[in-house]
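# Structural overview for review
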Amino acid sequence: MRTTARLLTGTAMTVAAIGALASPAAYAGDHEALEVYPSSATPGTTVTVNTLACGSHGHGVGDANSLGAGEFQLNPSTHKEVVVGQFTVPHHAKAGTYGISVACDNGKTARGELVVKHKSPSGHVQTGVGGSIGPDTAQITAGAAVLAAAAVGGTWLLRRRASGAQDD
């Protein structure tokens, strides 16, 4: 009797878990995919978005307000059933992930994400403390000459002391 109760309880829990996981899938059909290219951009970059949600010869309005880029138009492209739009990442945009959405004339919507990154400094950093600017061959040659002279002088001094030839 206990085994049957455990079996029925386990089956009921499994069905409930599958039902709970399947319910968000009902909402997944309400939103189409929005392709964002490039998916990662820096301020000043022009971003292109496209989707199949608007259908053949469809139009739509894109929303990049979360990023501060405002709204943009989507129009049919040369590819069948694809609509395309563009916007520019504002220079004041902060690094992070932003949701971009599209509302089509046919009532469908599409959503995608854009990651904004800031450029890392490249090249030499001018700090005024040195060490960050490329090597100067004249300074390297002078430094090597000083080290060589010190090595020769030190060797001569040690050999002279070792041989006992000292001036009093």
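Attention in this report is confined to the structure presented alongside it. (Residues numbered from 1 in each chain as written. Predicted model: local features only at pLDDT ≥ 70, side-chain atom pairs only at ≥ 80, totals over all residues. Heavy atoms only, no water.)

On to the overall build of the protein, then. From N to C terminus, the protein includes two helices and nine strands. Ordered by position from the N terminus, the helices and strands of the protein form the series α-β-β-β-β-β-β-β-β-β-α. When burial is assessed residue by residue, the protein has 20% of its 168 residues classed as buried. In the structure as shown, the protein presents an accessible area of about 12,100 Å², 59% of it carried by carbon and sulfur atoms. (Helix = DSSP H or I, 4+ residues; strand = E, 2+ residues; numbered from the N terminus. Buried < 20%, exposed > 50% of the residue type's maximum accessible area, 1.4 Å probe, protein only. Areas by Shrake-Rupley, 256 points an atom, 1.4 Å probe, with all protein chains shown as cover.)

Applying the stated rule across the entire model yields one aromatic pair. With centroids separated by 5.0 Å and ring planes inclined at 35°, the aromatic side chains of Phe 72 and Phe 87 adopt a geometry described as tilted. On the criterion of sequence distance, the pair formed by Phe 72 in strand 6 (residues 70-76) and Phe 87 in strand 7 (residues 83-88) is long-range, its members being 15 residues apart. The pair formed by Phe 72 and Phe 87 is uniform in burial state, with each residue classed as buried. (Phe/Tyr/Trp six-rings, centres within 6.5 Å; stacked < 30°, edge-to-face > 60°.)

Backbone torsion omega between Tyr 37 and Pro 38 reads -5°, so that peptide bond is classified as cis. Tracing the backbone shows Pro 38 in the loop between strand 2 (35-37) and strand 3 (40-41). Although it is not a glycine, His 57 sits at a positive phi angle of roughly 60°. Tracing the backbone shows His 57 in the loop between strand 4 (46-51) and strand 5 (60-64). If you check the backbone angles, Glu 81 has positive phi at about 65° while not being a glycine.

To continue, consider the environment of His 57. Residue His 57 is classed as exposed on the basis of its relative accessible area, which comes to 67%. Linking His 57 and Lys 80, residues 23 residues apart in sequence, is a C-alpha distance of 8.3 Å.

Attention now goes to the pairing of strand 6. One ladder, built from five bridges, connects strand 5 with strand 6; its direction is antiparallel. For Gly 60, the partnering residue across the bridge sits in strand 6 and is Leu 74. Turn length for the strand 5-strand 6 hairpin, with the two strands adjacent in sequence and antiparallel, is five residues, and the turn residue Gly 68 shows positive phi of about 95°. Pairing between strand 6 and strand 7: two bridges, direction antiparallel. Bridge pairing links Asn 75 to Val 84 in strand 7. Counted along the chain from strand 6 to the antiparallel partner strand 7, the turn is six residues long, and its residue Glu 81 has a positive phi close to 65°. (Pairing = 2+ DSSP bridges.)

Counting residues in each nonpolar core, the largest one holds 22 residues, and the members touching the most others are Val 47, Val 49, Leu 67, Phe 87, Val 89, Ile 100 and Leu 114. Only strand 4, strand 6, strand 7, strand 8 (96-104) and strand 9 (109-116) provide two or more residues apiece to this core. Counting residues per element, this core draws most heavily on strand 8, at four residues. The contacts of Leu 67, once residues within four sequence positions are left out, are Phe 87, Val 89, Pro 90, His 92, Ala 93, Tyr 98, Leu 114 and Val 116. (Core = buried A, V, L, I, M, F, W, Y, C linked by side-chain atoms within 4.5 Å. Contact = heavy atoms within 4.5 Å.)

On to the pairing of strand 9, then. Here strand 9 shows a buried face lined by Ala 110, Gly 112, Leu 114 and Val 116 and an unburied face lined by Thr 109, Arg 111, Glu 113 and Val 115. For strand 3 and strand 9, the ladder comprises two bridges, and the chain directions are parallel. Residue pairing for strand 9: Ser 40 is matched across the bridge by Val 115. Taken together, the eight bridges between strand 8 and strand 9 define a ladder with antiparallel strand orientation. Across the sheet, residue Tyr 98 finds its bridge partner in strand 9, namely Leu 114.

The quantities given are spatial measurements derived from coordinates; they are silent on function.
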